[in-house]
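Listed below, chain by chain, are the residues.
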4 protein chains.
Amino acid sequence: MSANSFGRLFTVTTFGESHGPAIGCVIDGCPPGIALAAGDFAHDLARRATGKSRHTSQRHEADEVEILSGVYEGRTTGTPIALLIRNTDARSKDYDRIVEQFRPGHADYTYWQKYGLRDPRGGGRSSARETTMRVAAGVVAKRWLAEKFSIRVRAHVAQIGDVRPHAFDWNAVEANPFFWPDASQVGELEAFMDALRKSGDSIGARIDAIADNVPPGWGEPIYGKLDAEIAAAMMSINAVKGVEIGAGFASVMQKGSEHRDEMTREGFLGNQAGGILGGISSGQAIRCSVAFKPTSSLRLPARGLDVQGNEVEVVTTGRHDPCVGLRSVPICEAMLALVLMDQALRHRAQCGDVGDVTPRIPAGRP
Amino acid sequence: MSANSFGRLFTVTTFGESHGPAIGCVIDGCPPGIALAAGDFAHDLARRATGKSRHTSQRHEADEVEILSGVYEGRTTGTPIALLIRNTDARSKDYDRIVEQFRPGHADYTYWQKYGLRDPRGGGRSSARETTMRVAAGVVAKRWLAEKFSIRVRAHVAQIGDVRPHAFDWNAVEANPFFWPDASQVGELEAFMDALRKSGDSIGARIDAIADNVPPGWGEPIYGKLDAEIAAAMMSINAVKGVEIGAGFASVMQKGSEHRDEMTREGFLGNQAGGILGGISSGQAIRCSVAFKPTSSLRLPARGLDVQGNEVEVVTTGRHDPCVGLRSVPICEAMLALVLMDQALRHRAQCGDVGDVTPRIPAGRP
Amino acid sequence: MSANSFGRLFTVTTFGESHGPAIGCVIDGCPPGIALAAGDFAHDLARRATGKSRHTSQRHEADEVEILSGVYEGRTTGTPIALLIRNTDARSKDYDRIVEQFRPGHADYTYWQKYGLRDPRGGGRSSARETTMRVAAGVVAKRWLAEKFSIRVRAHVAQIGDVRPHAFDWNAVEANPFFWPDASQVGELEAFMDALRKSGDSIGARIDAIADNVPPGWGEPIYGKLDAEIAAAMMSINAVKGVEIGAGFASVMQKGSEHRDEMTREGFLGNQAGGILGGISSGQAIRCSVAFKPTSSLRLPARGLDVQGNEVEVVTTGRHDPCVGLRSVPICEAMLALVLMDQALRHRAQCGDVGDVTPRIPAGRP
Amino acid sequence: MSANSFGRLFTVTTFGESHGPAIGCVIDGCPPGIALAAGDFAHDLARRATGKSRHTSQRHEADEVEILSGVYEGRTTGTPIALLIRNTDARSKDYDRIVEQFRPGHADYTYWQKYGLRDPRGGGRSSARETTMRVAAGVVAKRWLAEKFSIRVRAHVAQIGDVRPHAFDWNAVEANPFFWPDASQVGELEAFMDALRKSGDSIGARIDAIADNVPPGWGEPIYGKLDAEIAAAMMSINAVKGVEIGAGFASVMQKGSEHRDEMTREGFLGNQAGGILGGISSGQAIRCSVAFKPTSSLRLPARGLDVQGNEVEVVTTGRHDPCVGLRSVPICEAMLALVLMDQALRHRAQCGDVGDVTPRIPAGRP
C-alpha cells in the first residue's frame, strides 16, 4: 500500500495540493451494488467546509464532486471509484511570503528536508484541504456500514481549550457551529472564539468519535488490531497529537478492578475498553478521543527561518482557522468509518466460514 | 502485509502462543552485513523478562534465541532472519479454569467471537508473551539505527497510578526494577507495589519513549506519517489505551503561540511537536507517551460469563503482573525502533536522489 | 496494495472505464525532482493510440493528459502525481447490443459473475483503454531509469500469426505501423492484415521487450523476484496468455550445458537467462517475450448467451483491432519500466549500504 | 507484503537456507477451524522429496514438520501457523569449492552483486530447498479448497526435452517417478534419464497444472488478475523461464474465430482461455503450463569466475537433479492452490454481498 493510500481492502488513495488545480481520490475494493450519486457527498463536505461561520477559515470552496469512474446507472460496480473536486478559491497570493519561509509549527521545513523542494502554495500537500477527500470516501463507508450493519458513526467536539461540555445531547451537536453537545454553552463558546480571533491566536480541541452497533469480532491481531488502526487513522489527520481508546490516559491512574468491564447476560457493566479487547471489537460502542493542536498559522509574529537559512519574523496573513478541531468532526467520523469498513471486509475474508457464535453478550452500557 | 507482520520494508512477522511449544519471528528486508549473534538478544530480553523482581509475574522463561536463518558467518545476509524461542515455563494448569470462562477485560470473549474457537492456554496468541519477539526484532533495528545514524532509542516509566517522577536522570532508569528516572522514589514505589500486590489489584502506567539523532525527513505523508505509524505501533502493544506525540493531549489546552516551536539558527526553541511536523521528522528528538491500562487478571473476583453463557465469578490465580507497564519499556523502545528503521529504508528508497538539504536546523531543546 | 494499483514503492493506481467520462491514474512514491510536463506523455500515447493506421481500431481519442497534482514548477515534488485524460470519442451506441449479451472470449460474463452487475459500455473497466494510463505512468519510469542509469526499455512485435522477422533492425521498428524489425516485410504484413480485416477475423502476436543497462542486483527473492514481477506485469495486460524470460519455453528442450550462460572477464557468453538469475538482474539485457491472443471481437458470428441465459448469435460491429498485439509495444515497455523502477527503489532501500561490489562482469552478448 | 511472503490475505512467509539449521514458514490469515496435524504434510512432501528414485538428487531429508503455533486441539485457530523442518542431510562439504566460485546459470553471482555477501552452502537461500515450505503451505490451501469448493488442484509433467506424452491418464501420473501421464513411455524415459545422468548433463521440462471446480468470479482486475498472480507464482519457482495460461504461446498463431471459446447453455465449447477471462475465473478448469530450464549444476566443466574475478573452470560434484522439473509437480500444485486460496478470500471480502448470479454457464469442455 502506497503512502497516500489508506486501507488494505477498501483502499482510498488521495491526491492533490491545496492550491493545485484539483483534489481527488480513488476508492478501490468497494463492494459492488451500493447506490451512489454525486450529490451524496454534499452533506458531509458541507460539515467539513470552511467559511460556514466566522469561526472557521474564510476560504469558500464549492466542493463539487465529480464521479469519474466506478459507478454505472447509480450503483457502484466494484471497479475503482474516482472522485474529483476542482479547487476554485485558491488564493496563492496570500502565501507569497511563505514561499521563501519555513513557518514554525508547520510542515514547510520537514517537506523541504525530505524532498529537497516543495509546493509552498497554501501548504501544498500538507494542507488540511486533503482531508476533504477523506470525508468524501467516508461517505461511502458510512453508507455501507449503516445499510448492512446499522452502524452509526458520529463525532463531536468534546473540549476547546479548557472548556468542557456540562451536558450531553447528540441533537445539539449538529445545531451549532462548534459541534458542541451542550446547547447552553454555545454563547460562551462564541464569545471565547471571537476573543481568540481578535487576539490573533488559536486554540486546541478534543474530538470524541463513537461507532454504535459494531458487531463483535472485527479487528486483526496482532498488528492490524482495530485500535491500532484507529490510532494510525486519527494520528494521520493534520494537527492531531494524541489518540485514546476508551479510558485512554485515564487508565494510567485506574486500578484493574476499576478498569475491567464486567460482563453479565444483560451486557457489559461499563466501557472503559472503548469497545475493543485484544484488538477486536467486543460488540460495545467503539469510543475514541483525539487531540488537535492549535494551528500555528497566526497573525502573531514568531521566529522562523527562510530557505536561505536567515532568521525571519513569520506572520500569517492568509485565511486560517483559529481552532482546526472545529472542522475535524466529519474527518474523525470518516477515518473511523474507513477503518471499520476495511476491517469488516477483512473479517469476512478470513472468518466468513465462522457462523453465529454463542454466547453473544449485549452491548450494555455505552 | 499480513496482520501478524509489522513494517513495510523491514518486516517483522511474529508467531506463537503463550503456552504453545515456541514463539518466534521472521525479519524480512533486513539490510545485509549487520553483525548478529544469538547472544545479542539477551540484554533486552532480560529487561522485558518476567520474574526479575517480585513486582512482575513469576513466570521464568529462559528466552534463549536460536537464529534459524539469514545470518552467515556472523553477518546478516539480506535473506529472512528467523528467530526461535522455545517456551519452557508454560504452566497451563494455572489456566484450567479459564478454558471455560471469558475473563472480563481480556481478549477471551473477542477471540471467541471472531474465530469461533480459541487457544485458551495462558491467553494463547493474545498473551503479552508475543511481545518478546518484538523486543528481539527491535534489537536488530536499534543496532542498525545506532551504527548508521547514531540514533539512540530509549524509554522509561513516566507514571504509575498517580505517582510521577520528581526528577529526571537517564542513569537511574536502568538501575531500579521500575525503570524509574528518579532514584529517590524507588522506596516509595516498592511500598506502593507491595501493597498493591497484597490487595490483589493492579495499576496502570505511562511510558515515555524518546529517539535522539533522528535525521530530518523521515516519514511518509499522508497515511504513512511517522507519528501515525508510531501511534499504530504503540497501540498494537497489549494493554495500551492511548498514545501521544510531543505535547499530546496537553495541546488541547494550548494556544498556538504557545505550541508552535519557533526556529532559530541555533535550533528549535521547544519541542511541543515531539520531533514530527506534517508526519515527517524535524531533526528534533522524537517523543511519544503511551498509556498502559491495569491488567484485568486479578485475584479479586469479578462478574464474567462462561462459554455456555452462564454468569460466573472470575478469579485469576495464575502468575500475573500487577503493573504490566513495568515490563513495557523495552517493548516501547522496540516498536519505536522498528518504525524508525522501516521509515529510514522507505525514505532512502524514494528520496535517495535528494542530496544534503540546506538549511539544516540543529535539534535545539529536547 | 489494492488490486488497481501496481508496484510496491513506485505505485500506479489506475481508474476509469472505456466509455466513462475519463480515465486516469495516481502515481505515488515517485522520487522528487524529476522534470515533468503534460506534453511529455504525447509521444508514447501516440504510439499506443488507435486509429493511427487502418490496421488498428478507428476510435480517435485526443489522449490529452492533465497533470492534477504532484508537480510544481515543472518538477515532481514527491507527492502523488494524478494524471487525467477525458474520453472524447466513446460511441456507446456501437455497444447497444452487447449490453444484454456476454461476448465469447471477453470478460463480460466473468465480470457479471464476480460483481453481479457491470458497466457494459465498450467493455467498461475490462477495456484495453485502461492501458493508456500504464503507458502514461511508464513515461515517468522510463525517464528516471534513463537519466539515472542509462537504461533503455524497448519492445517490438516479434511474430504475427506465423510470420516472423527475417532480419532485425531497431531503427525499422518505429518506422512502420507494425513495430516490425524487418522493413523488407512491411508490404507482406500490410497485405496479410488487409486480408484479415476483410475476412472479419483477427490474429495473435508476440511482443519482445528488452531493457539494456540494468545494473546487477535488482530483484527481491523469493516472491518479489524480478522475473516473477515481470511475468505478473505482462500477464496483467489485456489479451496476454503467456510470458517468457530469456529462452523461455525453448529451455524445455535444452540441455544444461547449452542453457547455462558461461562467464568470462569479458562478459557472459550467452543470455539464455534473459538477464535474470535467481530472480535478480545479472547486468545482462533483460529479455522477455509476451503472447497476445487474437481479439474475440469479430464481425464473424459466434455462439454466446444473453443476460437472461438465452443462447444468442454474437456479432461485433464496433471499432476493434484485428491484431491487439500491434498496439501493445508501448504497453509492454511501460510495464517493464514500471517493474524496473519499483525494483530499483526497493533495491536501494534494503541494499543502499552495499557499496560497489567486485568483481563485476560485463554484460557480454545480448 | 515483504519479499519472502506470498499472498495478500492467505500469506505464506518462508525462511531458511539449504544448509542452515532449518527451513520453515509462517502461514498468516488462515481461516479458523481447519483440521490440521503434523502428519498431514507427509504425502506432498514425499512427492517433492529428493532421493525417491535414481532420477533425482540423492539428498535424503526426513522433512519432518513441527507445527509451532496456530493449531489447538487439531484445528487451526486463525492465528499464524508456523511450520518448522530441521535440515538433516546438509553436506556442505560438497560445496567447499563453490564458496569461492560463481557457478554459471546459478544465482551465486547475482546474490553477491545484490547483497555484497552470500551464504554459499548449497546455494543458501536460492536453493530449491525453499520450495519444501511452499508445498507444506499448499497442503493447507488444497485442503480448504477441496473441502469448501470441491476444487482439485493437480499437475503432471507434460514434456521432458522433446519427449511428449502419447496418451493421457491421471491415474498414471502418480504411478511413475516422472509424474508422466502415459505409462507406456516410462521405460523410454528411464532410459533417457539414465543416459542423461551418465553424460553429466541435464534437461528441461514442462509442467501442466490444472484446477477443477473453481467457481466463476475469482480474480481481481486489473493488477491482481488471477492469471497475473498465477504467472508470478509460477515464475517465482526456481528454474522457471515461462508461464502460459490456456492456449498460451499457441494463441500467437491462432485466429480469433479459433481462440474464442463459444458459450452455450450446456457449457463452453472449448477452453483456449484456460478458465480465465479478463483476469477472472470463468468456471472452466484453470489451466497453466510452466517451463523449467535444465539445471546448470553439471559434472561437465564450464567457464566461470571466482570471487576475486579470476576465470575458473566450474565443475559441480554435489548431489543434483538431472531434471529439476521432475520434482516440481507438487510445487506447481502448491503455488496454484496458494493463489486460488488467496483469491477466494479476497473475492468474498469484496463481493460477499453478491448473491447467486444467474445465468451460470457449466464448465463444459476441459
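Residues numbered from 1 in each chain as written. Chains lettered and ligands numbered in written order. Predicted model: local features only at pLDDT ≥ 70, side-chain atom pairs only at ≥ 80, totals over all residues. Heavy atoms only, no water.

Caption draft 1: Structural context of the overall build of chain A. From N to C terminus, chain A includes eight helices and 18 strands. Relative to a compact globule of 366 residues, whose C-alpha radius of gyration would be 21 Å, chain A shows 21 Å and is just as compact. Taking the principal axes of its C-alpha atoms as reference, chain A extends roughly 65 × 50 × 35 Å. When burial is assessed residue by residue, chain A has 71% of its 366 residues classed as buried. Relative to all contacts within chain A whose residues are 6 or more apart in sequence, the contacts with residues 24 or more apart total 72%. If you sum the accessible surface of chain A, you get close to 10,800 Å²; carbon and sulfur atoms cover 49% of it. Averaging the positions of the 42 positive and the 43 negative side-chain charges in chain A gives two centres separated by 1 Å. (Helix = DSSP H or I, 4+ residues; strand = E, 2+ residues; numbered from the N terminus. Rg over C-alpha atoms; globule rule 2.2 N^0.38 Å. Buried < 20%, exposed > 50% of the residue type's maximum accessible area, 1.4 Å probe, protein only. Contact = heavy atoms within 4.5 Å. Areas by Shrake-Rupley, 256 points an atom, 1.4 Å probe, with all protein chains shown as cover. Lys, Arg positive; Asp, Glu negative; His and termini not counted. Charge placed at Lys NZ, Arg CZ, Asp CG, Glu CD.)

Caption draft 2: Region of interest: the interface of chain B and chain A. Listed per partner, the contact involves 119 residues of chain B and 119 residues of chain A. Between chain B and chain A, the buried area comes to about 9,200 Å², and carbon and sulfur atoms account for 61% of it. Looking at the side of chain B facing chain A, the largest losses of area belong to K114, Y223 and R260 of chain B, adding up to 10% of the total buried there. Summed over the shared surface of chain B and chain A, the result is 57 residue pairs in polar contact (both at pLDDT 80 or more). Ranked by the residues each element gives to the side of chain B that touches chain A, the list is headed by helix α2 (residues 108-115) of chain B, at seven residues. For the side of chain B that touches chain A, the class distribution of residues is 53 nonpolar, 40 polar and 26 charged. Where strand β11 (residues 240-245) of chain A lies against strand β11 (residues 240-245) of chain B, three bridges are found, and the strand directions are antiparallel. (Buried area = accessible area lost by both parts, 1.4 Å probe. Polar contact = N/O pair within 3.5 Å; in protein donor to acceptor, adjacent residues only side chain to side chain. Nonpolar A, V, L, I, M, F, W, Y, C, P; charged D, E, K, R; others polar. Pairing = 2+ DSSP bridges.)

Caption draft 3: Fine view of the relation of the copies chain B and chain D. Take chain B, turn it by 180°, move it 0.0 Å along the axis, and it overlays chain D with an RMSD of 0.0 Å. Here the two chains are linked by the operation of a two-fold rotation axis. The share of interface residues of chain B whose copies in chain D are also at the interface is 100%, consistent with both copies meeting through the same surface. (Least-squares fit on C-alpha atoms with pLDDT ≥ 70 in both.)

Caption draft 4: Fine view of the relation of the copies chain B and chain A. Mapping chain B onto chain A leaves a residual RMSD of 0.0 Å; the transformation is a rotation of 180° accompanied by 0.0 Å of translation along its axis. In this assembly, 100% of the residues forming the interface of chain B have copies in chain A that are likewise at the interface, indicating an isologous arrangement.

Caption draft 5: Local environment of the sheet that holds strand β18 (residues 311-314) of chain A. All names here are of chain A. Within the open sheet, the three strands sit side by side as β8-β17-β18. Their pairing is antiparallel. Across the chains shown, the open sheet's two edge strands, defined by having one partner strand only, are β8 (101-102) and β18. Two elements, β8 and strand β17 (residues 302-306), share two bridges in a ladder whose sense is antiparallel. Considered in β17, the bridge of Q101 is made with D306.

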